[in-house]
Amino acid sequence: MNSLSPSLAKARALALLTPLLLLGGAYVSQYVGGLHPCEMCWWQRYPHMAAIPLALVAYALRGRPCRSALFAGLAGLAIGISGLIGLFHAGVEYGWWEGLTTCSTTAGGNAADLLNQIWATPIIRCDVAPWDLFGISLAGYNGLLSSATALAILGLLMKARKA
């Protein structure tokens, strides 16, 4: 495996761009579109947040292809974990299986502040998709895109290894 391998370069690019774009889309839908995330939506974001620095390390180690590939692979693994969580979440939304049975939120302060926070906090259910396109929810799209990207990164790394 050499540092100029086009397959390794593509794997690194996918490992960085995919979580950046998917997290960007999640935050735009939250802050511009008003779609507040449920607990499982947050779970899908965390692996993408981990994948970004891993991919950046892969870029920093371009001169060391084996180590670069390792970090690109770890980023791909994190992306795949997000995809699996997204597929699970989509299954909950479609009613294929049961998901979380409790709601969670964080609150603090005195009793009046606590009551105000409770009344102001939207209750976001994990089993209801707030948005879909062609019958696929945001969790479903994350599941599909992240899983496909993780497999693509794995395939590219295997191809780079043979080169």
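Just above sits the structure.
What comes next concerns the included structure. (Residues numbered from 1 in each chain as written. Predicted model: local features only at pLDDT ≥ 70, side-chain atom pairs only at ≥ 80, totals over all residues. Heavy atoms only, no water.)

### Here we look at the overall build of the protein chain
Inference 1: Within the protein chain, the secondary structure is distributed over 5 helices and 2 strands.
Inference 2: Here the protein chain holds 163 residues, and the buried ones make up 34% of them.
Inference 3: Within the protein chain, contacts between residues separated by at least 24 positions form 75% of all contacts whose residues are at least 6 apart in sequence.
Inference 4: Entry remark: accessible area of the protein chain is about 9,600 Å², with carbon and sulfur atoms responsible for 69%. (Helix = DSSP H or I, 4+ residues; strand = E, 2+ residues; numbered from the N terminus. Buried < 20%, exposed > 50% of the residue type's maximum accessible area, 1.4 Å probe, protein only. Contact = heavy atoms within 4.5 Å. Areas by Shrake-Rupley, 256 points an atom, 1.4 Å probe, with all protein chains shown as cover.)

### Section: helix H3 (residues 65–93)
The periodicity of an α-helix, 3.6 residues per turn, causes residues three or four places apart in sequence to face the same way.
Inference 1: Between its terminal C-alpha atoms H3 stretches 41 Å, which fits the 42 Å expected from 29 residues at 1.5 Å a residue.
Inference 2: Once H3 finishes, Gly95 follows within two positions and takes phi at roughly 80 degrees, a positive value. (Expected span 1.5 Å × (residues − 1).)

### Remarks on a nonpolar patch on the surface
Inference 1: A grouping of Leu70, Leu74, Leu77 and Ile81 is seen on the molecular surface, where their side chains present a nonpolar patch of about 350 Å² in accessible area.
Inference 2: Along the chain, Leu77 turns up in helix H3. (Patch = residues over 30% accessible without salt bridge, like charges linked within 9 Å, V, L, I, M, F, W, Y side chains within 5 Å. Salt bridge = Lys/Arg side-chain N within 4 Å of Asp/Glu carboxyl O.)

### Side note on the side chain of Ser82
Inference 1: Looking at the secondary structure, you find Ser82 in helix H3.
Inference 2: When near neighbours in sequence (up to four residues on either side) are disregarded, Ser82 contacts Gln44, Pro47, His48, Asn142 and Ser146.

### Side note on the packing of H3 against helix H5 (residues 138–162)
Inference 1: Remark: H3 packs on H5, axes separated minimally by 7 Å, with the N-to-C direction vectors making an angle of 155 degrees. Of the possible angle classes, the one that applies to H3 and H5 is roughly antiparallel. The handedness of the crossing between H3 and H5 is left-handed.
Inference 2: Grouping the constituent residues of the contact of H3 with H5 by class yields 11 nonpolar, 13 polar and 1 charged. (Axes fitted to C-alpha atoms, helices over the stretch in contact; angles between N-to-C directions. Parallel < 35°, antiparallel > 145°, perpendicular 65-115°, else oblique. Left-handed = near helix turned anticlockwise from the far one by under 90°. Nonpolar A, V, L, I, M, F, W, Y, C, P; charged D, E, K, R; others polar.)

Take it as geometry only, folks, not as evidence of what the structure does.
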